[in-house]
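Each chain is listed here by its residues.
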Amino acid sequence: MFVFGVLLFGIAVIALVAAATTKVPSVKRNAWLTFAGSLVLSLAVIVTSSITVVPTRNVGIVTAWNKPTGRTTGAGLQWTLPWEGIDEWDASGQTYSHLGDECVWVTIAAQRRACIPVQIEWSAKAEKAPENWAAYREVGSKSRFEVFIERRVNPQINGAMTSIFATFDPLGAVDPTSGDAPAPDLNKTYKDTLVQALNAELGDEIVVKSVAFESPQYDEPTTQAIAAYGQKILEARNLEIDKANAKTRAEITRTDASVDQVARCLQIAEKLGKEPGLCMGNSVSLTRPVETGQAK
């Protein structure tokens, strides 16, 4: 718009010269009208080209001849020199959202595969806006900021996810006593780790505001491995129980074998009120009731 305003101003100057030099009344009048109209219109265009409205939460990148000057503006109505312009850089909150079925697939321990649902809230740092604006160009219908996200931010997030989950082993979440496999709490284990990884790679350019995980999903081979591992734990537990029961039964048998049968019989007879003489025969038995009033 500034160039157009300069052209109009040039027309106004030419019209002024024509109005001052011509002696033909009609030509002079038309020249003065052209001068006045071109001057007013050129001033309006130049003033308009100096005004830019920056949306809320955005950063204005001040440019001169399409090159950054290093200056930035806040949101709202902004004034610049006529040959300067303002391009926008989004400093509002952004969301890397991959929840549910849109989770991020990563390779975990033992070359297994897991799909991690995650949502990351972040925003670009305003002080780095001029540098990042200059580092990227518009691609098709995508703005510089969209290209920045596509080529800089998202690849670093994906790389951090791949890195921190490389040693994740879902078999470690299986209960070693019951074989149950509860969903692991990724927020407790990996939230701070992911924030640290992102700050290490993008801390100069963005601010990570929050990270939230949902329960992971697994591919079929990994799901089967978890189930098989839990079944082995359950079988091992049952085997230990069987061994303990067998040991107990063997101990009872050994104890019974070591006890004097006559003494044991007398104790039982006393306890049950039976005839103790029955314990003195060759066959120790208290199965026959004591008969009273009759001679044997």
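The rules behind each value
Think of each chain on its own: its residues are numbered from 1, step by step along the sequence as written. Predicted model: local features are reported for residues with pLDDT of at least 70 only, side-chain atom pairs are reported and counted for 80 or more only, and whole-chain, interface and lining totals are derived from all residues. No hydrogens and no water enter the side-chain calculation; it runs on all heavy atoms of the structure. Counting from the N terminus, the helices are DSSP H or I runs at least four residues long and the strands are E runs at least two residues long. Burial classes: relative accessible area under 20% of the type maximum marks a residue as buried, over 50% as exposed, and values in between as partly exposed (1.4 Å probe, protein chains only). A pair of strands counts as paired when DSSP detects no fewer than two bridges linking them. Axis definition: a line fitted to C-alpha atoms, over the contacting stretch in the case of helices. Angles run 0 to 180 degrees between N-to-C directions. Within this document, salt bridges are pairs made up of a side-chain nitrogen of Lys or Arg and a carboxyl oxygen of Asp or Glu, the two lying within 4 Å of each other. Aromatic contacts are taken between Phe, Tyr and Trp rings whose centres are within 6.5 Å, Trp giving its six-membered ring; a plane angle under 30 degrees counts as stacked, one over 60 as edge-to-face, and the others as tilted. The predictor attaches a confidence to each residue, and that confidence, scored 0 to 100, is pLDDT. Between two residues, a contact is recorded if the distance between any of their heavy atoms is within 4.5 Å.

Trainee: Any chance you could break down unusual backbone geometry for me, citing the residues and the numbers?
Mentor: A positive phi angle, close to 60°, is found at Ala110, a residue other than glycine. Residue placement: Ala110 occurs in the loop between strand S7 (104-107) and strand S8 (113-116). A relative accessible area of 60% places Ala110 in the exposed class. The backbone phi angle of Gln111 is positive, close to 60°, even though this residue is not glycine. In this structure, Gln111 sits in the loop between S7 and S8. On the basis of relative accessibility, which here comes to 67%, the residue Gln111 falls in the exposed class.

Trainee: Describe the sheet that holds strand S2 (residues 58-64), naming the residues involved and giving the relevant values.
Mentor: On the basis of which strands lie adjacent, the open sheet formed by three strands has the order S3-S2-S5 and antiparallel pairing. Pairing within the sheet leaves two strands with one partner each, and these edge strands are strand S3 (67-73) and strand S5 (84-90). Each neighbouring strand pair of the sheet contributes to a mean axis angle of 35°, computed without reference to strand direction. With seven bridges joining them, S2 and S5 adopt antiparallel strand pairing. In the sheet register, Asn58 faces S5, and the bridge partner there is Asp90.

Trainee: Could you give me a rundown of the pattern of salt bridges, with the residues and numbers involved?
Mentor: For the structure shown, the criterion picks out three salt bridges. Residues Lys128 and Glu131 are paired through a salt bridge, measuring 2.8 Å at the closest nitrogen-oxygen approach. Across the pair Lys142 and Glu150 runs a salt bridge, and its minimum N-O distance is 2.3 Å. By relative accessible area, Glu150 is classed as partly exposed at 41%.

Trainee: I'd love a proper account of the packing of aromatic side chains, names of residues and values included.
Mentor: One pass over the full model with this rule turns up seven aromatic pairs. Here the aromatic rings of Phe168 and Tyr190 are separated by 5.9 Å at their centres, their planes lie at 90°, and the arrangement is edge-to-face. Taken together, the residues span a long stretch of sequence, with Phe168 in the loop between helix H4 (144-164) and helix H5 (186-202) and Tyr190 in helix H5 at a distance of 22 residues. On the accessibility criterion, Tyr190 (11% relative accessible area) is buried. Ring pairing ties together the aromatic residues Trp122, Tyr136, Phe145 and Phe148, which thus form one cluster.

Trainee: Requested: an account of the confidence of the model for the protein chain, with residues and values cited.
Mentor: With 64% of its residues at a pLDDT of at least 70, the protein chain reaches an overall mean of 77. Between residues 283-296, whose pLDDT stays under 50, and residues either more than four places distant or in other chains, the model counts 18 contacts.

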